[in-house]
Amino acid sequence: DAGVTQSPTHLIKTRGQQVTLRCSPISGHKSVSWYQQVLGQGPQFIFQYYEKEERGRGNFPDRFSARQFPNYSSELNVNALLLGDSALYLCASSGDRGAQYFGPGTRLTVL
Amino acid sequence: EDQVTQSPEALRLQEGESSSLNCSYTVSGLRGLFWYRQDPGKGPEFLFTLYSAGEEKEKERLKATLTKKESFLHITAPKPEDSATYLCAVGVNAGGTSYGKLTFGQGTILTVHP
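All of these numbers come straight from a predicted model, not from anything done at the bench. Each residue is numbered by its place in its chain's sequence as written, counting from 1. The naming scheme follows written order: chains are lettered A onward, ligands numbered 1 onward. For a predicted model such as this one, the threshold for reporting local features is a pLDDT of at least 70, and the threshold for listing and counting side-chain atom pairs is 80 or more; totals across whole chains, interfaces and linings nevertheless cover every residue. With hydrogens and water set aside, each side-chain value is computed from the structure's full complement of heavy atoms.

*Asks:* What am I meant to see in the nonpolar core here?
*Replies:* Side chains that are nonpolar tend, in soluble globular proteins, to be buried together. Definition of nonpolar core: a set of buried residues of the types Ala, Val, Leu, Ile, Met, Phe, Trp, Tyr and Cys, connected through side-chain atoms within 4.5 Å. Three exposure classes are used, based on accessible area relative to the maximum for each residue type with a 1.4 Å probe and protein chains only: buried under 20%, partly exposed in between, and exposed over 50%. Residues Leu-33, Trp-35, Leu-73 and Tyr-86 of chain B are the most contacted members of the largest nonpolar core, which totals 24 residues. Strands here are runs of E lasting at least two residues and helices are runs of H or I lasting at least four, both read from the DSSP assignment and numbered beginning at the N terminus. Put simply, the parts of the chain that give this core at least two residues each are strand E2 (10-14), strand E3 (19-26), strand E4 (33-38), strand E5 (45-50), strand E7 (62-66), strand E8 (70-75), strand E9 (84-92) and strand E11 (108-113) of chain B. With five residues, E9 of chain B is the largest single contributor of residues to this core. Grouped together as the second largest cluster of nonpolar side chains are 22 residues, Phe-47, Val-78, Leu-81 and Ala-87 of chain A included.

*Asks:* Just checking my understanding: could you explain the interface of chain A and chain B for this structure?
*Replies:* A common way to express how large an interface is: the accessible area buried when the components associate. Contact between two residues is taken to exist if any of their heavy atoms lie within 4.5 Å; hydrogens are not considered. Every contact between the two is made by 26 residues of chain A and, on the other side, 23 residues of chain B. Accessible area, probed at 1.4 Å, shrinks when two parts are joined; the buried area is that loss added up over both. Taken together, the two surfaces of chain A and chain B that pack against each other cover about 1,700 Å², and 52% of this comes from carbon and sulfur. For chain A, the biggest contributors to the area lost against chain B are Arg-55, Gln-100 and Phe-102 of chain A; these three give 25% of the whole. By the criterion applied in these results, polar contacts are pairs of N or O atoms within 3.5 Å in which, for protein atoms, one can donate a hydrogen and the other can accept it, and in which residues neighboring in sequence qualify only through two side-chain atoms. Our count for the contact surface shared by chain A and chain B stands at three residue pairs in polar contact (both at pLDDT 80 or more). Of all the secondary structure elements, the ones that give two or more residues to the side of chain A that touches chain B are strand E4 (31-37), strand E5 (44-50), strand E6 (53-57), strand E9 (87-94) and strand E10 (100-102) of chain A. In terms of residue count, the dominant contributor to the side of chain A that touches chain B is E4 of chain A (four residues).

*Asks:* I tried to follow the environment of Thr-9 of chain A on my own but got confused; where do I start?
*Replies:* Checked against the element boundaries, Thr-9 of chain A lands in the loop between strand E1 (5-7) and strand E2 (10-13). Each C-alpha atom of the pair Thr-9 of chain A and Leu-21 of chain A lies 9.4 Å from the other, and the pair is twelve residues apart in sequence.

*Asks:* Would you explain the sheet that holds E8 of chain B in this entry?
*Replies:* Backbone hydrogen bonds hold the strands of a sheet together, and the pairing may be parallel or antiparallel. All names here are of chain B. Across the sheet, five strands lie side by side as E1-E3-E8-E7-E6; this open sheet has antiparallel pairing. The open sheet terminates on both sides in strands that have one partner only, identified here as strand E1 (3-7) and strand E6 (56-59). With direction set aside, neighbouring strand axes in the sheet form an average angle of 15°. At least two DSSP bridges between two strands are needed for those strands to be called paired. Relative to E7, E6 runs antiparallel, the two being bridged by four bridges. In this analysis an axis means a line fitted to C-alpha atoms, helices contributing only their contacting stretch, and an angle means the value between N-to-C directions, from 0 to 180 degrees.

*Asks:* Just to check I follow, could you spell out the pairing of E7 of chain B for this structure?
*Replies:* Residues and elements named next belong to chain B. A large share of E7 lies buried, amounting to four of its five residues. The antiparallel hairpin formed by E6 and E7 contains two residues in its connecting segment, where Glu-60 sits at a positive phi of about 55°. Inspection of the sheet shows E7 paired to E8 by five bridges, in the antiparallel sense. Within E8, the residue paired with Leu-62 across the bridge is Ile-75.

*Asks:* Any chance you could explain the packing of aromatic side chains here in plain terms?
*Replies:* Any aromatic ring pair is given by two values, namely how distant the centres are and how the planes are angled relative to each other. The aromatic pairing rule takes the rings of Phe, Tyr and Trp, using the six-membered ring of Trp, and pairs them if the centres are within 6.5 Å, calling planes under 30 degrees apart stacked, those over 60 edge-to-face and the rest tilted. For the structure on display, the rule yields ten aromatic pairs over all chains. The interplanar angle of 85° and the centroid separation of 5.3 Å between the aromatic rings of Phe-102 of chain A and Tyr-36 of chain B together place this pair among those described as edge-to-face. In this pair, Phe-102 of chain A sits in strand E10 while Tyr-36 of chain B sits in strand E4, so the two residues belong to two different chains. An identical accessibility class is assigned to Phe-102 of chain A and Tyr-36 of chain B; each is buried. Ring centres of Tyr-36 of chain B and Phe-104 of chain B lie 5.9 Å apart, and the angle between their planes is 45°; this geometry places the pair in the tilted category. Of this pair, Tyr-36 of chain B sits in strand E4 while Phe-104 of chain B sits in strand E10 (residues 101-104), and the two are 68 residues apart along the sequence. Classification of Tyr-36 of chain B as buried rests on a relative accessible area of 0%. Among the aromatic side chains, those forming a connected cluster through ring pairs are Tyr-35, Phe-45, Tyr-101 and Phe-102 of chain A together with Tyr-36, Phe-46 and Phe-104 of chain B.

In structure tokens form, the structure reads like this:
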């Protein structure tokens, strides 16, 4: 079975631009969570979506938004990019047993 | 506020030299303690979930244990391929039927020399 997939793998943007990251969960998983990981730190929770509804939000500004589609895939949008948004963005999906399975991530560089 | 602290920050071992990594946590209503392995530039790889104090899980050279305040990841006779960052996280119900929010520690960077 395919694991969690994310696209694109790498992305370079300039300050002030907008970016959209995409995630496809493991087949049968209805929950998708997004995390930001900066170098040397553990992942930090951004959003959780379950059955297309936002179920949790971390301490991130309103420039960050997300949505989940009927096929349970998800998009993370970040507007007005700042240098500090440079990070590895991780998507994780989970079924009802709790464990979250992560994708390979999208490396975002903001210049 | 949920807090997870891992120690040591970095650990260097010789091949075959067993050791343990520590994860201490403060959370209201633990909904699961998770261990992940992360290789450079890649997403975390799921290893174990522990749900209650006294529980133990094993996988090859790794064994995870849980108490009411901390978890240990024991590595027996490690090999160079065990070199990675090991992440600990606690699960909190974010409102869905699954553990939507994980709070992570900063990780322990393990290096195993041949």
